[in-house]
Amino acid sequence: MKLVRVIDTKRCMGCRACVAACAVENNFTPDSPWNVMVESEGGTFPNVYRTFVTMNCMHCENAPCKLACDKAGFKAITKNELGVVLIDYDKCTGCGYCAAVCPYGVPQINGAKLATLYPGEAPTPVEAVPAAERHWTHRKQAGKAEKCTFCWHKLEKAVADGKTDRIGKDPQYTPACDLVCPVDARAFGDVDDPTSKVARQIGTKKAAQLKREYGAGPQVYYVLEGGER
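Residues numbered from 1 in each chain as written. Predicted model: local features only at pLDDT ≥ 70, side-chain atom pairs only at ≥ 80, totals over all residues. Heavy atoms only, no water.

This part covers the overall build of the protein chain. Looking only at helices and strands, one finds six helices and 10 strands in the protein chain. Taken against the 2.2 N^0.38 rule, which gives 17 Å for 229 residues, the C-alpha radius of gyration of the protein chain at 18 Å falls within 12% of a compact globule. Across its three principal axes, the protein chain shows a C-alpha extent of roughly 50 × 45 × 35 Å. Relative to its 229 residues, the protein chain shows a buried fraction of 45%. Put simply, 62% of the contacts in the protein chain that link residues at least 6 apart link residues at least 24 apart. One way to put it: in the protein chain the 30 positive side-chain charges average out to a point 3 Å from where the 26 negative ones average out. (Helix = DSSP H or I, 4+ residues; strand = E, 2+ residues; numbered from the N terminus. Rg over C-alpha atoms; globule rule 2.2 N^0.38 Å. Buried < 20%, exposed > 50% of the residue type's maximum accessible area, 1.4 Å probe, protein only. Contact = heavy atoms within 4.5 Å. Lys, Arg positive; Asp, Glu negative; His and termini not counted. Charge placed at Lys NZ, Arg CZ, Asp CG, Glu CD.)

Under the criterion given, the structure shown has 12 salt bridges. With its nearest N and O atoms 2.7 Å apart, the salt bridge here joins Lys66 to Asp70. With Lys66 and Asp70 both in helix H2 (residues 64–72) and four residues apart, the pair spans about one turn of that helix. Given the relative accessible area of 22%, Asp70 is considered partly exposed. For Asp178, the salt bridge identified is with Arg186, shortest N-O distance 3.1 Å. Each of the salt bridges in this network shares a partner with another, and the network as a whole consists of Arg16, Glu39, Glu41 and Arg50. (Salt bridge = Lys/Arg side-chain N within 4 Å of Asp/Glu carboxyl O.)

Inspection of helix H4 (residues 152–160) places Trp152, His153, Lys154, Leu155 and Ala158 among the buried residues, and these make up the whole buried set. Its buried side turned inward, H4 meets strand E1 (3–8), helix H1 (17–25), strand E5 (85–87), helix H5 (176–179) and strand E8 (186–190). Phi for Gly162, located one or two positions after H4, is positive at around 65°.

Those residues of helix H6 (residues 197–204) not exposed but buried are Val198, Ala199 and Gln201. Seen end-on, H6 carries its buried residues on one side only, within an arc spanning 165°. On its buried face, H6 is in contact with E1, E8 and strand E9 (205–208). (Arc of directions from axis to C-beta.)

Turning our eyes to something else, we now look at the nonpolar core. Judged by nonpolar contacts, the single largest core of 37 residues is most densely connected at Leu155 and Ile167. Mapped by element, the contributors of at least two residues to this core are E1, strand E3 (47–55), H2, E5, H4 and strand E10 (220–228). Not counting chain neighbours up to four residues away, the residues in contact with Ile167 comprise Met1, Leu3, Leu82, Leu155, Ala158, Tyr173, Thr174, Phe188 and Gly189. Judged by nonpolar contacts, the second largest core, of seven residues, contains Val4, Val6, Val198 and Tyr221. (Core = buried A, V, L, I, M, F, W, Y, C linked by side-chain atoms within 4.5 Å.)

Attention now goes to the packing of aromatic side chains. For the structure shown, the criterion picks out one aromatic pair. Between Phe150 and Phe188, the ring centres sit 4.9 Å apart and the planes meet at 80°, which makes this aromatic pair edge-to-face. Within this pair, whereas Phe150 is found in the loop between strand E7 (145–146) and H4, its partner Phe188 is found in strand E8, the two being separated by 38 residues in sequence. Taking relative accessible area as the criterion, Phe150 reaches 0% and is therefore assigned buried. (Phe/Tyr/Trp six-rings, centres within 6.5 Å; stacked < 30°, edge-to-face > 60°.)

In this section: the environment of Ala20. For Ala20, the location among the structural elements is in helix H1. Along the backbone, Ala20 and Pro33 are 13 residues apart, and their C-alpha atoms lie at a distance of 9.8 Å.

In structure tokens:
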């Protein structure tokens, strides 16, 4: 099994539903978003257009962040059996090496103090949940690196339930951002399954891995232009 995400920028309308869903699902830390919308404009007046591209962790096969962390001796970053790259907050020192070497600018070192979403106000219901009751990927610590986890707390449940074949199909086993897109611009699943939506889209659309020249082997594909071949 090889989990990948396909993002169709030809369909994306920039609504940011995926950004909001990620923030709610993963206990958003102010100034350290796990999913970011990048907007750009092109064309020549009056024929102009705007493109929306969401950037989250690419969960690279040869993750530069993990290589740097291992080389530094911290070994706070791992890549598990489903290909998901995760950060152990207890081992992370906040050195920033992972952020420095990532070609996609994904890992972010959060603040010296974890702020609430609304400064000066009571914590939101999600923020009020005691750390001990949260999934370990949501037990964030100040001054540490953070990034998208492919909603590992959901994928982990699929493994525990013996239903990895339902990843990307059933809501409880699918990353939050991929569930909420109103224009079907996002797909998630097993690319090794030729019948999966991601495999079909990569095979029929001009889906590409960004910055392939770095050799990281990103597991997120983008339909940048063209549509169906």
